[in-house]
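Chains, contacts and geometry: an overview
Each chain, written out:
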Amino acid sequence: MPSISLYRVEVDFAESPQHPIVYYRKCRKCTTAKGMDRQHNRMVNEAWDEWRDMNFRRLTVSRVPSN
C-alpha cells in the first residue's frame, strides 16, 4: 500500500473569523524533498483556484501527519 500525504486546508473569511472552513486533501507521498515542495505548491495553487471567487481573508495549507 503506498503511503499518503495529508494536507489541511483552512479558509478564513472576514465575516466569520472564529469559524474557518477546514477540510483535508490526500495524495501520494513524494520520495524527495523537492517533490514535497512541488506537491505543497500544487496543493496551495489548487486551493487558491477553488476559493478565488470568494472574498476570503486567509488561506492556509499545511501538511499534517496521516495517522
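The notes below deal with the structure included here. Predicted model, so just to flag it, every value in this text is computed and none were measured.

1. Overview of the overall build of the protein
The number of helices and strands found in the protein is one helix and three strands. Counting from the amino terminus, helix and strand elements in the protein follow one another as β-β-α-β. Principal-axis analysis of the C-alpha atoms places the extent of the protein at approximately 40 × 20 × 15 Å. Within the protein, buried positions represent 24% of all 67 residues. Put simply, 55% of the contacts in the protein that link residues at least 6 apart link residues at least 24 apart. For the protein, the accessible surface area stands at approximately 5100 Å², while carbon and sulfur atoms represent 51% of it. Within the protein, one finds 12 positive and 8 negative side-chain charges whose respective centroids are separated by 11 Å.

2. As for the pattern of salt bridges
Tallied over the entire structure, the rule returns six salt bridges. Residue Glu 10 pairs with Arg 8 through a salt bridge whose shortest N-O separation is 2.7 Å. Judged by relative accessible area, which is 26%, Arg 8 ranks as partly exposed. The partner of Glu 46 in a salt bridge is Arg 25, and the shortest N-O contact between them spans 2.9 Å. Taken together, the residues span a long stretch of sequence, with Glu 46 in helix H1 (residues 33-51) and Arg 25 in strand E2 (residues 21-28) at a distance of 21 residues. Among the residues examined, Arg 25 registers a relative accessible area of 24% and is labelled partly exposed.

3. So, the side chain of Glu 10
Assignment of secondary structure puts Glu 10 in strand E1 (residues 4-13). A distance of 2.7 Å separates polar atoms of two side chains, one belonging to Glu 10 and the other to Arg 8. Once you skip the residues sitting within four places of it in the chain, Glu 10 turns out to touch Pro 20, Ile 21, Val 22, Arg 58, Leu 59 and Thr 60.

4. Focus on the sheet that holds strand E3 (residues 56-64)
Taken in spatial order, the three strands make up an open sheet running E2-E1-E3, and their pairing is antiparallel. Whereas interior strands pair on both sides, the edge strands pair on one side only; in this sheet they are E2 and E3. Each neighbouring strand pair of the sheet contributes to a mean axis angle of 20°, computed without reference to strand direction. Inspection of the sheet shows E1 paired to E2 by eight bridges, in the antiparallel sense. Within E2, the residue paired with Ser 5 across the bridge is Cys 27.

Scoring rules and cut-offs
Residues numbered from 1 in each chain as written. Predicted model: local features only at pLDDT ≥ 70, side-chain atom pairs only at ≥ 80, totals over all residues. Heavy atoms only, no water. Helix = DSSP H or I, 4+ residues; strand = E, 2+ residues; numbered from the N terminus. Buried < 20%, exposed > 50% of the residue type's maximum accessible area, 1.4 Å probe, protein only. Contact = heavy atoms within 4.5 Å. Areas by Shrake-Rupley, 256 points an atom, 1.4 Å probe, with all protein chains shown as cover. Lys, Arg positive; Asp, Glu negative; His and termini not counted. Charge placed at Lys NZ, Arg CZ, Asp CG, Glu CD. Salt bridge = Lys/Arg side-chain N within 4 Å of Asp/Glu carboxyl O. Polar contact = N/O pair within 3.5 Å; in protein donor to acceptor, adjacent residues only side chain to side chain. Pairing = 2+ DSSP bridges. Axes fitted to C-alpha atoms, helices over the stretch in contact; angles between N-to-C directions.

Honestly, it's all geometry; don't read function into it.
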